[in-house]
Each structure stands twice: as C-alpha cells, then as structure tokens.
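# Coordinate inspection notes
Each chain, written out:
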Amino acid sequence: MKKGVDILLVEDDRRLAELTAQYFEQNGLGVALEMRGDRALARFAAEHPRIVLLDLMLPGTDGLTICRELRRIFDGPILIFTARDSDIDQVIGLEAGADDYVAKPADPMVLLARTRALLRRAEKTATYRARRGDIVLGALRISETAQEVWLDGEPVPLTTQEFELLALLARRAGHVLSRDEIFQNMRGIEYDGLDRSIDGRISKLRRKLKDDSASPARIKTIWGKGYLLVLDAWGTAK
C-alpha cells in the first residue's frame with residue numbers, strides 16, 4: 001500500500017479549498033483536494049489520508065452520507081468543516097461519526113490547530129497497537145490472531161462474543177460506539193432498540209476486566225450514545 005497524504009480535503013469551493021490546502025502545506029502537511037462528494041470515497045481509497053476534512057454541502061453526495069460511510073472503513077479522524085453552524089448541525093455531524101466540527105469562516109490557525117490535535121490523538125491511539133497486530137492498552141493486551149486477552153500479565157477467559165465485543169471497543173478506544181454500530185459490526189444488522197444482549201456482555205466484560213460495575217472507569221456507558229473503552233484506564237504493562 002502506498003504512503004498516504006496527511007489530509008484529504010473534500011470541499012467544493014475551489015478558492016477556499018486551494019487557500020486552505022496552501023496554508024496546510026506551508027505548515028508541513030500534505031493535502032489532496034476533492035471537490036465532488038460522489039468521488040470522495042474513491043479518492044479516500046486512492047490517497048490513504050491520515051485525516052479527512054469534510055464539507056457538508058457537496059455536489060453528488062452530501063457530507064453526512066460520506067461521513068457515515070467513511071466511519072465504516074476508517075478509524076482515523078474526520079473533521080467537518082462547513083458553513084452550516086447551528087447546534088443541531090454540529091450534533092448531527094458528530095453523531096454521524098465526525099471527531100470535530102469547525103464552522104466557516106474559520107481562522108486558518110484555528111483550523112490547523114484543531115487538525116493537528118486530532119492527528120496527535122490518532123497517533124497516541126496508534127501507539128497502543130503492537131507491531132504483531134496485538135492491541136495494547138497499558139496492562140491490557142488483546143491478540144486478535146490468537147483470540148486471547150491478558151490483563152496485568154494474567155489471561156482473561158472470555159467467550160467468543162465477549163472477545164469480539166472487547167476487540168471492537170479496543171480498536172476504537174477513545175471513541176463512543178453506539179449500540180447500532182456494535183450490532184452492525186458484530187451481527188451485520190441494525191439495532192432494533194430492544195435487544196439488551198450487548199448490555200449483558202458489557203457487564204460481564206467489566207467484571208472480568210476488574211472494572212467497578214457501580215462506577216466503571218474502563219468501559220463507560222455514555223448515556224443516550226453507547227459505550228466507550230477508555231484509553232488511559234488500564235495501568236502500566238508489567
């Protein structure tokens with residue numbers, strides 16, 4: 001796989017796109033531009049960017065649809081950069097899978113700072129992944145190849161479903177996963193709003209991973225949104 005650019009900027013205002021790209025490049029970040037929404041996913045696949053900056057109002061395919069589709073295949077940061085700046089637009093954008101939201105017009109220094117902050121966070125997440133493909137979060141190690149889990153150097157016995165749920169949460173550590181995302185990933189179906197099996201597995205994972213069920217610090221419930229596996233709650237590897 002070829003080495004990707006730093007940023008894929010999906011923006012249909014040519015003048016703004018070119019000025020933004022120029023500013024980023026002057027500050028050491030490589031940029032690929034795409035001006036049509038219906039070409040954004042193909043361009044993403046071709047460029048392998050570290051972060052996507054995404055307008056909402058685009059020709060061909062709207063930005064929210066692109067954001068949802070990207071989130072199925074991309075663990076990296078997505079920043080929505082748009083003139084639609086109402087609170088509800090921001091909520092909808094974040095619920096669609098974006099990591100941050102910057103309203104136009106924005107000071108280029110602010111946009112650069114927010115972009116760099118997201119890249120730093122993504123790099124921090126990546127450091128927890130061992131070279132062999134294991135996921136390592138402090139004293140927690142998950143081997144997806146062997147389907148084994150260790151905490152504080154001790155093996156943690158999990159069922160297949162518990163392991164798959166933990167691995168899914170760990171791959172997106174630091175991000176909230178909705179029940180619908182979990183169902184889509186584990187079962188390939190939408191969450192019906194009634195099935196509580198995921199909640200039961202979360203409770204069992206907390207118990208096996210020495211998390212306080214009354215006040216969990218490692219796998220948190222984000223009410224109305226889903227579950228969050230906390231990056232820095234696993235102590236130090238032995």
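It should be noted that the structure appears before, not after, this text.
A few points on the structure. Bear in mind that the values here come from a model prediction, so they are computed numbers and not experimental data. (Residues numbered from 1 in each chain as written. Predicted model: local features only at pLDDT ≥ 70, side-chain atom pairs only at ≥ 80, totals over all residues. Heavy atoms only, no water.)

### A word on the nonpolar core
Counting residues in hydrophobic clusters, the biggest one holds 29 residues, and the most contacted among them are Leu137 and Leu209. Residue assignment for this core shows that the elements contributing at least two residues are strand E6 (135–137), strand E7 (140–143), strand E8 (148–151), helix H6 (160–171), helix H7 (179–187), helix H8 (197–208) and strand E12 (226–229). At seven residues, H6 tops the list of elements feeding residues into this core. Dropping the residues within four chain positions of it, Leu209 is found in contact with Leu140, Leu151, Val156, Leu166, Arg218, Ile219 and Trp234. (Core = buried A, V, L, I, M, F, W, Y, C linked by side-chain atoms within 4.5 Å. Buried < 20%, exposed > 50% of the residue type's maximum accessible area, 1.4 Å probe, protein only. Helix = DSSP H or I, 4+ residues; strand = E, 2+ residues; numbered from the N terminus. Contact = heavy atoms within 4.5 Å.)

### A word on H6
Between the first and last C-alpha of H6 there are 16 Å, a value that for twelve residues agrees with the 16 Å anticipated at 1.5 Å per step. Glu162, Phe163, Leu165, Leu166, Ala167, Leu168, Leu169 and Ala170 are the residues of H6 that are buried. (Expected span 1.5 Å × (residues − 1).)

### Structural notes on the layout of surface pockets
Considered as a void within the structure, the largest pocket measures approximately 1,000 Å³ in volume. Contributing elements (two or more residues each) for the lining of the largest pocket: helix H3 (63–73), helix H4 (87–95), H6, strand E10 (176–177) and H7. In terms of residue count, the dominant contributor to the lining of the largest pocket is H7 (five residues). Each residue belonging to the lining of the largest pocket can be placed in one class, and the counts come to ten nonpolar, eight polar and 13 charged. (1 Å grid on protein atoms, 1.4 Å probe; cavity = no way out; pocket = protein on both sides within 12 Å on 5 of 7 lines; lining within 4 Å. Points joined across faces, edges and corners; volume = space filled by probe spheres on them. Nonpolar A, V, L, I, M, F, W, Y, C, P; charged D, E, K, R; others polar.)

### With respect to the sheet that holds strand E4 (residues 78–82)
Overall, parallel pairing links the five strands, which are arranged E2-E1-E3-E4-E5 in an open sheet. The open sheet terminates on both sides in strands that have one partner only, identified here as strand E2 (31–34) and strand E5 (100–103). On average, each strand axis in the sheet is tilted by 20° relative to the strand beside it, whichever way the strands run. Note that strand E1 (residues 7–10) and E2 share four bridges and pair parallel. Counterpart to Ile7 in the pairing with E2 is Val31. (Pairing = 2+ DSSP bridges. Axes fitted to C-alpha atoms, helices over the stretch in contact; angles between N-to-C directions.)

### Focus on the packing of H6 against H8
Axis separation between H6 and H8 bottoms out at 10 Å; the angle between their running directions is 85°. With respect to H8, the element H6 is oriented roughly perpendicular. Counting all contacts with H6, which are made through Gln161, Glu162, Leu165, Leu166 and Leu169, the residues of H8 involved are Ile198, Arg201, Ile202, Lys204, Leu205 and Lys208. Among the residues making up the contact of H6 with H8, the classes are represented as six nonpolar, one polar and four charged. (Parallel < 35°, antiparallel > 145°, perpendicular 65-115°, else oblique.)

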